[in-house]
Amino acid sequence: MARTIDWVDDAVELIDQTRLPQDEVVLRITQVDDLIDAISRLAVRGAPALGVAGAFGVVLAARAHAPATDPDTFGVEVARLRNARPTAVNLARGVDLAVTAAADGPDGALAAARALRDDEVAASWSMSAYGADLAEELVGGAVRAMTVCNTGGLAAVERGTALGVIEELHERGRLVEALPIETRPLLQGGRLTTWELGRIGAPHRLLVDSAGPFILSRGGADLVVAGADRIAVDGATANKIGTFSLALAARYAGVPFVIVAPESTVDPGTATGDEIEIEDRGPAEVISVRDTPIALPGTDALNPAFDVTPADLITAIVTDRRVIRLDRGETLASVPLGERRAGDRAGGAVN
Ligand code: MRU
């Protein structure tokens with residue numbers, strides 16, 4: 001399939017990210033319950049992709065329970081979808097957008113969901129171009145880029161956010177190597193980011209999570225670049241657990257730390273990072289690795305799926321429409337939206 005998630009012949013089709021990198025399996029989903037399950041177990045994941053999944057999910061809900069004739073059931077279904085994961089603001093936004101459009105029936109919701117998909121794709125290419133320009137400027141030469149989780153086309157429908165920047169640097173001949181951290185417990189860095197980098201032939205070496213800060217302290221990377229699940233008005237940014245540790249280490253090492261995310265991830269309804277709800281996914285993922293137990297059954301665990309990096313640790317936030325230099329005192333409020341860029345689409349989509 002050309003995209004991570006799409007609407008194909010009356011169904012949501014998505015690549016099952018839980019099966020990667022071993023198996024490339026496409027799921028066809030026609031029921032809201034199955035889509036909620038796919039979101040909950042991270043078969044589809046990453047903030048922009050979750051927004052598109054939520055919008056397509058509303059189409060499924062509107063087809064099963066017409067909002068005009070069965071508004072109560074429709075409302076229950078979309079609320080379940082909206083709450084399937086709490087941290088990435090894109091999911092709730094995608095659902096809300098399609099619910100509004102569903103006033104014109106399922107076809108209205110479908111048109112809105114497709115428009116959101118196209119918008120995220122365009123945003124993805126634009127922020128990759130802006131981010132690669134900034135990376136070259138900050139580093140002043142070819143880049144060794146550390147990153148966390150998976151932020152490529154898998155997470156963003158096409159191209160990516162932070163990984164889109166790394167891919168664009170590679171296509172420009174400006175990437176020395178990418179250094180993804182494995183991203184316990186679900187290993188999005190180890191399983192998905194290496195898969196995406198391998199497909200485009202970008203040089204990379206995988207690190208265990210705890211090696212990231214130390215490698216930074218030894219001068220092993222020139223830049224940390226990460227995605228976001230929600231950006232608060234004060235610039236604090238929620239992203240995959242482990243991001244905050246890299247930001248602290250980057251500050252210690254004097255290495256720029258850059259967040260890359262679409263404008264759809266900026267949440268005007270969240271004033272500060274403290275207000276961001278962090279999903280706790282329970283002990284099971286911590287006490288085993290891919291179904292192999294690593295602690296005794298019943299061992300309790302904390303499993304925050306995300307952390308929050310305060311604005312003063314962030315060098316810049318790059319979106320599809322602006323670059324906000326927090327290190328120079330700029331804020332989300334002070335930098336107006338600019339134009340989107342086309343990006344280097346000659347490189348093609350990664351999926
Ligand atoms: O739990 P996940 O895999 O959905 O977490 C994803 C991330 O944290 C990404 O970094 C974020 O969504 C930005 S991706 C474009």
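Residues numbered from 1 in each chain as written. Predicted model: local features only at pLDDT ≥ 70, side-chain atom pairs only at ≥ 80, totals over all residues. Heavy atoms only, no water.

Caption draft 1: Representation of the site of the ligand within the structure. Lining the immediate surroundings of the ligand are 17 residues, of which Arg 45, Arg 85, Asp 229, Asn 239 and Lys 240 lie closest. Contacts to the ligand include Gly 46, whose backbone N or O atom sits 3.1 Å from an oxygen atom. In this structure, an oxygen atom belonging to the ligand sits 2.8 Å away from a side-chain N or O atom of Asp 229. Surface burial for the ligand is 100%, taken as the share of its 410 Å² of free accessible area covered by protein chains. (Near = heavy atom within 4 Å. Polar contact = N/O pair within 3.5 Å; in protein donor to acceptor, adjacent residues only side chain to side chain. Areas by Shrake-Rupley, 256 points an atom, 1.4 Å probe, with all protein chains shown as cover.)

Caption draft 2: Layout of the nonpolar core. Ile 5, Val 12, Ile 39 and Val 58 are the most contacted members of the largest nonpolar core, which totals 40 residues. Going through the elements one at a time, strand 1 (5–8), strand 2 (11–15), helix 1 (32–40), helix 2 (47–64), helix 3 (71–82), helix 4 (89–101) and helix 5 (106–139) are the ones with two or more residues in this core. Here Val 12 is in contact with Ile 5, Asp 6, Trp 7, Leu 27, Arg 28, Ile 29, Leu 35, Phe 56 and Leu 60, once residues within four sequence places are set aside. (Core = buried A, V, L, I, M, F, W, Y, C linked by side-chain atoms within 4.5 Å. Buried < 20%, exposed > 50% of the residue type's maximum accessible area, 1.4 Å probe, protein only. Helix = DSSP H or I, 4+ residues; strand = E, 2+ residues; numbered from the N terminus. Contact = heavy atoms within 4.5 Å.)

Caption draft 3: Structural view of the environment of Arg 144. By the element assignment, Arg 144 lies in strand 4 (residues 143–147). Spatially, the C-alpha atoms of Arg 144 and Thr 4 are 27 Å apart, while their sequence positions differ by 140 residues.

Caption draft 4: Broad picture of the sheet that holds strand 5 (residues 175–180). Reading across the sheet, the six strands line up as 5-4-6-9-13-14 and stay open at both edges, with mixed pairing between neighbours. This sheet does not close on itself; its edge strands, each paired only once, are strand 5 and strand 14 (323–324). The strands that helix 8 (residues 188–199) touches are strand 4 and strand 5; relative to strand 5, the one it contacts most, it runs at about 160°. Set on the sheet, helix 10 (residues 243–253) makes contact with strand 4, strand 6 (223–226) and strand 9 (257–260); between it and strand 9 the angle comes to about 145°. (Pairing = 2+ DSSP bridges. Axes fitted to C-alpha atoms, helices over the stretch in contact; angles between N-to-C directions.)

Caption draft 5: Local environment of the pairing of strand 2. Counting buried positions along strand 2 yields five of five residues, so the element is predominantly enclosed. Neither face of strand 2 is exposed, since Ala 11, Glu 13 and Ile 15 on one face and Val 12 and Leu 14 on the opposite face are all buried. As paired elements, strand 1 and strand 2 share four bridges and run antiparallel to each other. Bridged to Asp 6 within strand 2 is Glu 13. Counting the residues that bridge the hairpin from strand 1 to strand 2 gives two residues, and of these Asp 9 lies at a positive phi of roughly 50°. Note that strand 2 and strand 3 (residues 26–29) share four bridges and pair antiparallel. Each residue of the ladder has a partner; that of Ile 15, found in strand 3, is Val 26.

Caption draft 6: Just the domain arrangement of the chain, in detail. Once the domains are mapped, the chain shows domain 1 (5–119) and domain 2 (129–328). Distance between the C-alpha centres of domain 1 and domain 2: 25 Å. At the junction of the two partners, domain 1 supplies 25 residues and domain 2 supplies 32 residues. A buried area of about 2,300 Å², summed over both sides, lies between domain 1 and domain 2, and 51% of it is on carbon and sulfur atoms. Between domain 1 and domain 2 we count two salt bridges in total. Arg 85 serves as the salt-bridge partner of Glu 279, at 2.9 Å between the closest nitrogen and oxygen. Across the domain 1-domain 2 interface, the total number found is 17 residue pairs in polar contact (both at pLDDT 80 or more). Listing elements by their share of the side of domain 1 that touches domain 2, those giving two or more residues are helix 2 and helix 4. Per-element accounting of the side of domain 1 that touches domain 2 gives the leading share, four residues, to helix 2. (Domains from an automatic or database assignment. Buried area = accessible area lost by both parts, 1.4 Å probe. Salt bridge = Lys/Arg side-chain N within 4 Å of Asp/Glu carboxyl O.)

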